[in-house]
Amino acid sequence: MSLSPINKIAVFGDGLAGLFAVAKLAEILPDGIQLIFVESQETRQTDILFGTVTPPSTYDFLLGLGIQEPKVLTSTNTSFSLGTHYKKWGPDKRNWIQSFHRPLPVYNGVAFHHYLMRLEQVSPGNSELESYIMSVQAARRGVFAHPPEAKNIPLADVAYGYHFLPEQWCQIVSAKISDSNIERIKSDITSVARHGDKIDSVTLSNGQIIAADFFVNALGAMSKLTHPDAESLGATKVMRADNMFTAYEKIEGVCRVLTGTESGWTSTTPLQDGLDHLSITDLSAEAENSAGKNGQRSIEFSPCRLKKPWLGNCLVLGHGAAIIEPLTTAPILLLQRDIERLVELIPVSNDMRVESREYNRRFNDDYDHADLFTGAFFAAKSDSQSAYWNSPTVDCSNLKLLNKITQFESRGINVQYDYEPFSAEDWTMLHFGMGRSTERYDPLANSISEDLLNDRLSQMRTAIEIMARKMPPHHIYMAGLKKYLKDKHG
Amino acid sequence: MTITRICILGGGTSGWMTAAGLSNKFNDLGVSIALVESDNIGTVGVGEATLPHIRFFNKTLGIDEREFMRETRATFKLGIEFCDWGKIGDSYIHPFGDYGEPIDGIDFHHFWLRLLQNGHKARLDDFSYPILAAESGKFQLPGPNNLEIGSNFGYAYQFDSGLFAKLLRRYSETHGVTRTEGKAVQTIQNPESGLIEAIVLEDGTRIEADLFIDCSGFRGVLIEQALNTGYEDWSEWLPCNRAVAVQCESAGPSLPYTRATARDAGWQWRIPLQHRTGNGYVYWNKYISDDEATHQLMSTLEGPALTEPKQLYFKTGKRRKLWNKNVVSIGLSGGFLEPLESTSIHLIQEGITALIELFPDTDFQESDAREYNRRMDLNFDRVRDFLLLHYVATQRDDTEMWRYFRQMTLPESLQEKMDAWSSRGYLLRYEQGVFLPPSWVAVMTGQNLLPNSYDPRANQISNKVLLDKTMAIKRDSLAALRQTPDHGDFLANYIGPAHR
Ligand SMILES: Cc1cc2nc3c(=O)[nH]c(=O)nc-3n(C[C@H](O)[C@H](O)[C@H](O)COP(=O)(O)OP(=O)(O)OC[C@H]3O[C@@H](n4cnc5c(N)ncnc54)[C@H](O)[C@@H]3O)c2cc1C
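Residues numbered from 1 in each chain as written. Chains lettered and ligands numbered in written order. Predicted model: local features only at pLDDT ≥ 70, side-chain atom pairs only at ≥ 80, totals over all residues. Heavy atoms only, no water.

**Quick look at the overall build of chain B**
Worth spelling out the cut-off: Helix and strand assignments follow DSSP, with helices taken as H or I runs no shorter than four residues and strands as E runs no shorter than two, numbered in order from the N terminus. The reference for a compact globule is 2.2 Å times residues^0.38; the radius of gyration itself is calculated from the C-alpha atoms. Three exposure classes are used, based on accessible area relative to the maximum for each residue type with a 1.4 Å probe and protein chains only: buried under 20%, partly exposed in between, and exposed over 50%. Residue contacts are defined here by distance: any two heavy atoms, one from each residue, within 4.5 Å place the two residues in contact. Methods summary: accessible areas were calculated by the Shrake-Rupley approach with a probe of 1.4 Å, and residue burial reflects only the protein chains presented. This count recognises Lys and Arg as positive and Asp and Glu as negative, with His and chain-terminal groups excluded. In plain terms, the charge of a residue is placed at NZ if it is Lys, CZ if Arg, CG if Asp and CD if Glu.
Per the secondary structure count, chain B includes 15 helices and 21 strands. The C-alpha radius of gyration computed for chain B amounts to 23 Å, which stays within 12% of the reference 23 Å derived for 500 residues, consistent with globular compactness. Each of the three principal axes of chain B carries a C-alpha extent, and together these read 75 × 55 × 50 Å. The burial tally for chain B puts 60% of its 500 residues in the buried class. The contacts of chain B with a sequence gap of at least 6 include a subset with a gap of at least 24, amounting to 76%. Of the roughly 19,500 Å² of accessible surface on chain B, 48% is carried by carbon and sulfur atoms. Across chain B, the 51 positively charged side chains and the 64 negatively charged ones have centroids separated by 4 Å.

Laid out in structure tokens, this is it:
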């Protein structure tokens with residue numbers, strides 16, 4: 001075979017997606033492949049749709065870009081996140097904390113929640129899950145500490161993500177890129193020369209012509225780089241995101257608080273120096289199209305995604321490929337996955353059929369699976385007239401989703417598909433949070449006596465409570481940690 | 001209502017494995033388990049090579065490994081040696097373990113490909129301790145640190161399936177399973193629901209139950225003869241449809257692996273046990289007669305035959321619904337994939353595990369069966385693709401059968417995998433399924449399907465670092481090998497003097 005290897009990759013777009021991609025590629029590309037970064041100005045405004053909460057996997061993801069946690073904490077207003085507290089959610093006005101947590105214990109081969117379900121049948125209403133989840137209890141009290149290596153204390157089960165502002169992360173990633181000698185060009189696109197699915201070159205407003213073997217288009221939804229015939233799914237709904245920041249003295253809380261409204265939701269995220277307010281409104285559900293308040297940034301968007309984000313020699317990354325409502329950590333989780341997927345599939349020649357097919361397959365799997373999770377926030381009978389609650393952006397009649405819900409409701413089982421972005425714990429917490437009860441539980445959960453079970457559970461609750469009492473409030477922990485980092489590194 | 005009566009029809013490997021697995025779980029929960037088997041009909045009498053998962057099955061039951069090996073005359077299995085598959089004269093071992101170790105998070109085979117494509121003569125097998133051990137007839141149990149070379153591999157067994165069933169029968173009976181001898185001649189179905197209410201034996205005995213597990217072998221007495229569930233025929237992809245099996249005396253040292261040799265119209269297995277060797281020829285009767293197959297088998301035995309050759313007939317595929325109404329089919333009644341990768345017993349185990357997790361109530365909610373069937377279908381589909389890979393990743397075109405495979409249009413799921421591999425050594429992964437990426441690497445490289453390129457990230461490290469790292473892995477593997485005793489000696493020591 002005489003396929004020429006690729007020599008040049010060009011990444012367009014200076015939003016979070018483009019910056020992540022460049023930083024990651026800079027870390028892993030071998031010497032033979034040149035990387036060009038074209039920073040166009042048009043993209044950052046939709047970055048608020050990445051949301052403000054990251055999953056625990058972001059710690060490793062950032063490490064993979066060469067960015068360590070201390071750097072993030074000291075040069076941005078990033079804070080720790082134990083999850084999201086959902087309030088007045090859905091038609092039943094549910095209220096629960098969806099936290100990050102390592103797997104719950106398994107006794108005698110039976111998943112933990114089956115024991116709670118057993119007790120629920122004995123005395124209904126007495127089997128809430130939250131008392132057994134360390135990270136929820138810490139979130140309730142607004143306390144935080146890093147989980148230790150040692151496995152035998154409740155704190156070790158905590159997992160954490162971050163509260164962050166995309167624009168601040170853009171800055172540290174951009175600074176990181178400056179450390180490597182990547183060619184950076186600040187200019188916008190004037191025209192694109194293509195034949196068929198293939199892009200030959202891109203002409204910039206500064207007159208420069210960029211020819212590359214492979215293009216990464218992180219320019220957002222309206223980009224000239226996106227193939228004019230690219231098919232997309234969704235895009236039936238118009239929503240508005242309103243965003244605002246209010247400063248405070250000390251960090252309040254350790255999870256995002258997200259409250260359902262008549263036509264969407266509104267959230268506050270505690271950062272080091274203030275609260276980020278983000279509201280999502282379904283415009284078709286709004287009685288009158290209320291304009292954003294003073295001091296707010298507002299954008300309109302339509303949740304949607306491309307069927308084939310990778311076409312020919314161009315991959316669309318970020319909001320040009322998919323926009324999802326930042327109700328969960330999905331937007332940032334999926335962006336991370338997009339980049340990891342790209343890195344595993346850096347083309348080896350100008351024939352990119354294998355790479356694009358595989359990328360698109362995994363992309364669709366991941367977004368479908370994330371949609372299942374989002375769908376489970378809505379799959380409750382609603383008598384509301386609001387279009388937000390009645391016709392969510394994800395398909396709630398999807399068979400895979402119905403299978404998951406039916407299995408949980410009928411016997412407390414979490415059906416898993418290949419490489420789902422959300423874990424069994426995430427699902428269990430969500431089902432409990434949504435008030436899904438189960439008809440049956442694993443009969444093997446009956447193999448210990450009720451007294452013994454109650455003993456065990458009460459021990460567990462107590463251990464968690466004692467731990468939570470010992471943990472410092474988020475702001476004190478953060479102040480101590482930053483002081484330590486400063487003393488150590490200057 | 002909860003199920004209180006289970007009837008298992010069939011006392012072959014699947015019947016007794018199911019009885020043991022269920023009695024272990026449900027013995028204390030007021031569930032009665034009855035097993036019916038017919039000595040006259042007997043069992044299929046083959047199925048002696050396993051996958052590492054069997055160890056978890058035994059462990060869950062609390063069966064002691066030494067006792068188990070003594071009783072079933074078992075040997076250790078490090079993998080399967082495939083002869084004459086890629087082309088005549090080739091051979092490779094598919095081990096239960098990884099090749100080398102990832103470097104900077106990138107699978108080792110990419111670095112090996114880099115060496116190869118830059119003109120180094122490196123054998124991937126040299127980076128696999130279980131292959132090296134198998135090649136030199138050595139074995140020892142993996143140590144506790146599974147990151148260490150010499151400990152990061154899996155192993156399975158080769159055993160006498162009749163003796164295994166016997167052991168499980170004893171286990172089951174002490175856990176409350178009642179066994180009835182007799183041939184089921186009639187099934188009583190509820191006229192409305194179609195659920196099976198009872199089976200009637202030749203002597204008139206009537207056995208009622210809420211849940212029936214069909215372990216009656218190829219016949220599928222309940223799932224097919226009674227419920228007419230239907231069969232998905234996969235002979236288009238896996239056309240071998242007959243086998244002839246025979247046991248013979250072993251010659252030479254006891255080997256810790258199974259052998260599968262490709263033949264003109266199928267392939268032949270060799271499974272070494274402590275006291276004898278199992279052999280069989282799996283073939284497509286379109287291209288070879290039964291007599292000729294038997295003749296070829298008998299003329300390649302390593303020692304005198306101990307049994308009469310036994311003829312077996314089958315059709316690859318699976319039941320349209322492995323769980324239908326109140327019947328769950330486990331074992332050959334549920335489906336059959338040729339034993340090229342010793343998957344049948346594993347699929348039995350998967351069936352038992354899924355049944356326990358999805359254990360129904362007397363109202364038999366459709367959702368339970370649907371989820372069970374979804375999982376098992378996925379298992380079967382994925383094994384099918386992996387088996388088919390052996391027949392199509394080959395240069396062989398020397399007989400009609402091999403030419404048939406060369407002309408075949410592959411299932412898309414397999415074609416995609418092979419394309420991604422061939423172009424860049426990329427492996428399409430899945431989470432649910434038996435064969436993990438290293439298995440795919442083993443078969444594809446073993447059968448000369450070599451990628452044109454590799455992950456560009458593997459170029460990040462310098463030549464010197466690469467050579468140092470690979471040398472170190474090889475050195476460690478060889479060092480571990482030197483510490484490893486002969487399989488026969490290890491086994492004798494491990495299980496005590498009763499052996500042989
Ligand atoms: C050629 C060949 C090679 C194989 N090699 C391997 C291998 O290496 N590894 C592996 O994992 N698997 C292998 N298998 C598969 C393996 O043999 C089977 O999965 C395993 O033996 C289970 O069989 P079974 O119990 O389902 O059926 P059987 O062994 O056929 O048992 C059926 C049982 O049902 C009873 N029965 C049937 N009808 C009635 C009736 N009407 N009334 C009462 N009782 C009845 C019979 O008496 C018997 O007890 C191989 C299969 C074949 C055909």
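**Considerations on the interface of chain B and chain A**
Inclusion rule: Defined here as a combined quantity, buried area equals the accessible surface (1.4 Å probe) lost by two parts on assembly, summed across both. Any carboxyl oxygen of Asp or Glu within 4 Å of a side-chain nitrogen of Lys or Arg constitutes a salt bridge here. Any pair of nitrogen or oxygen atoms within 3.5 Å is treated as a polar contact; in protein, a donor-acceptor pairing is required on top of that, and neighbouring residues in sequence qualify only through side-chain atoms on both sides.
On the chain A side, the residues contacting the 34 residues of chain B number 35 residues. Both faces considered, chain B and chain A share a buried interface measuring about 3,000 Å² in area, 50% of it formed by carbon and sulfur atoms. Taken together, the links from chain B to chain A amount to six salt bridges. Across the pair D368(B) and R411(A) runs a salt bridge whose closest N-O atoms are separated by 2.7 Å. Where chain B packs against chain A, one counts 24 residue pairs in polar contact (both at pLDDT 80 or more). The set of elements that each furnish at least two residues to the side of chain B that touches chain A consists of α1 (13–26), α10 (366–392) and α12 (412–424) of chain B. By residue number, the principal contributor to the side of chain B that touches chain A is α10(B), which donates six residues.

**Points about the packing of helix α4 (residues 108–117) of chain B against helix α14 (residues 463–482) of chain B**
Residue and element names in this part refer to chain B. Applied cut-off: Helix axes are fitted to C-alpha atoms over the stretch in contact, other axes to C-alpha atoms as well, and angles between N-to-C directions run from 0 to 180 degrees. If you view the pair so one helix is near and one far, a crossing is left-handed when the near helix is turned anticlockwise from the far one by less than a right angle, and right-handed when it is turned clockwise. Following the grouping adopted for this structure description, the nonpolar residues are Ala, Val, Leu, Ile, Met, Phe, Trp, Tyr, Cys and Pro, the charged ones are Asp, Glu, Lys and Arg, and the polar ones are all others, Gly among them.
Between α4 and α14, the shortest axis-to-axis distance is 11 Å and the interhelical angle comes to 115°. In this structure, α4 meets α14 at a crossing whose hand is left-handed. Here F108, F111, R114 and L115 of α4 come into contact with α14, specifically with N463, L466, L467, T470 and I473. When the residues that make up the contact of α4 with α14 are grouped by side-chain class, the tally is six nonpolar, two polar and one charged.

**Quick notes on the side chain of S131(A)**
Residues and elements named next belong to chain A. As for its position among the elements, S131 is in the loop between α4 (112–122) and α5 (134–141). A distance of 2.3 Å separates a polar atom in the side chain of S131 from a polar atom in the side chain of E128. Ignoring any residue separated from it by four or fewer positions in sequence, one finds S131 in contact with Q137, R461 and I464.

**Re the environment of T329(A)**
All names here are of chain A. Along the polypeptide, T329 turns up in the loop between β23 (322–323) and α7 (330–344). A relative accessible area of 8% places T329 in the buried class. In this structure, the C-alpha to C-alpha distance between T329 and T266, residues 63 residues apart in sequence, is 15 Å. Sequence-distant contacts of T329, that is, excluding residues within four places in its chain, are made with V53, T54, P55, F100 and F422.

**Quick word on the confidence of the model for chain B**
The predicted coordinates of low-pLDDT regions are not to be read in fine detail. Worth spelling out the cut-off: The score called pLDDT rates the predictor's confidence residue by residue, from a low of 0 to a high of 100.
On average, chain B scores 95 in pLDDT, and the residues at 70 or more come to 99%. Two numbers describe this predicted complex: its pTM, 0.95, and its ipTM, 0.93.

**Topic: the environment of F112(A)**
All names here are of chain A. With respect to the helices and strands, the residue F112 is situated in helix α4. Judged by relative accessible area, which is 1%, F112 ranks as buried. On a C-alpha basis, the gap between F112 and A285 in space is 40 Å, while along the polypeptide they are 173 residues apart. Ignoring anything within four residues of it in the chain, the contact list for F112 reads L104, P105, Y107, L129, Y132, L457 and M460.

**Here's the deal with the sheet that holds strand β15 (residues 239–247) of chain A**
Residue and element names in this part refer to chain A. For the record, the criterion: When DSSP finds at least two bridges between two strands, those strands are taken to pair.
The strand order β5-β4-β16-β17-β18-β15-β19 describes an open sheet built from seven strands, whose pairing is mixed. The open sheet has two edge strands with one neighbour each: β5 (94–99) and β19 (297–301). Strand-to-strand, the axes of this sheet are offset by a mean angle of 15°, without reference to chain direction. As judged from the nine bridges shared by β15 and strand β18 (residues 274–282), these two strands associate in the antiparallel manner. Looking across to β18, one finds that T246 is bridged to L275.

**Quick notes on the site of the ligand**
Residue and element names in this part refer to chain B. Where we set the bar: For this purpose, a residue is taken to be near a molecule or strand whenever a single non-hydrogen atom of the residue falls within 4 Å of it.
As a structural note, the neighbourhood of the ligand is formed by 37 residues, with G11, S14, A49, A184 and I345 the closest of them. Separating an oxygen atom of the ligand from a backbone N or O atom of G11 is a distance of 2.8 Å. Taking L332, its main chain carries an N or O atom lying 2.9 Å from an oxygen atom of the ligand. For the ligand, the accessible surface in isolation is 990 Å², of which the surrounding protein chains cover 98%. Those elements giving two or more residues to the shell around the ligand turn out to be α1, β15 (266–272) and α9 (344–357). For the shell around the ligand, the leading source of residues is α9, giving three residues.

**What about the packing of aromatic side chains?**
Heads up, the rule is: Each Phe, Tyr or Trp ring, with Trp reduced to its six-membered ring, pairs with another whose centre is within 6.5 Å; inter-plane angles below 30 degrees give stacked pairs, above 60 give edge-to-face pairs, and intermediate values give tilted ones. Distance and angle both matter: a charge sits over a ring if NZ of Lys or CZ of Arg is within 6 Å of the ring centre and within 35 degrees of the ring normal.
Taken as a whole and assessed by the stated rule, the structure comprises 65 aromatic pairs over all chains. Ring geometry for W89(A) against W389(A): centres 4.6 Å apart, planes inclined by 70°, an arrangement best described as edge-to-face. Of this pair, W89(A) sits in strand β4 (residues 83–89) while W389(A) sits in helix α9 (residues 387–390), and the two are 300 residues apart along the sequence. Note on accessibility: W89(A) and W389(A) belong to one class, buried. Here the aromatic rings of W85(B) and W402(B) are separated by 5.8 Å at their centres, their planes lie at 85°, and the arrangement is edge-to-face. Note that W85(B) is positioned in the loop between β4 (79–83) and β5 (91–95) and W402(B) in helix α11 (residues 400–406), a separation of 317 residues in sequence. Per residue, the accessibility class of W85(B) equals that of W402(B), and both read buried. A connected cluster of aromatic rings, assembled from ring pairs, spans Y86(A), W89(A), W96(A), F373(A), F377(A), F378(A), Y388(A), W389(A), F422(A) and W427(A). We note R341(A) situated over the ring of Y359(A); from NZ or CZ to the ring centre the distance is 4.8 Å. When the ring centre of W427(A) is taken as origin, the NZ or CZ atom of K404(A), which lies over that ring, is 4.0 Å away.

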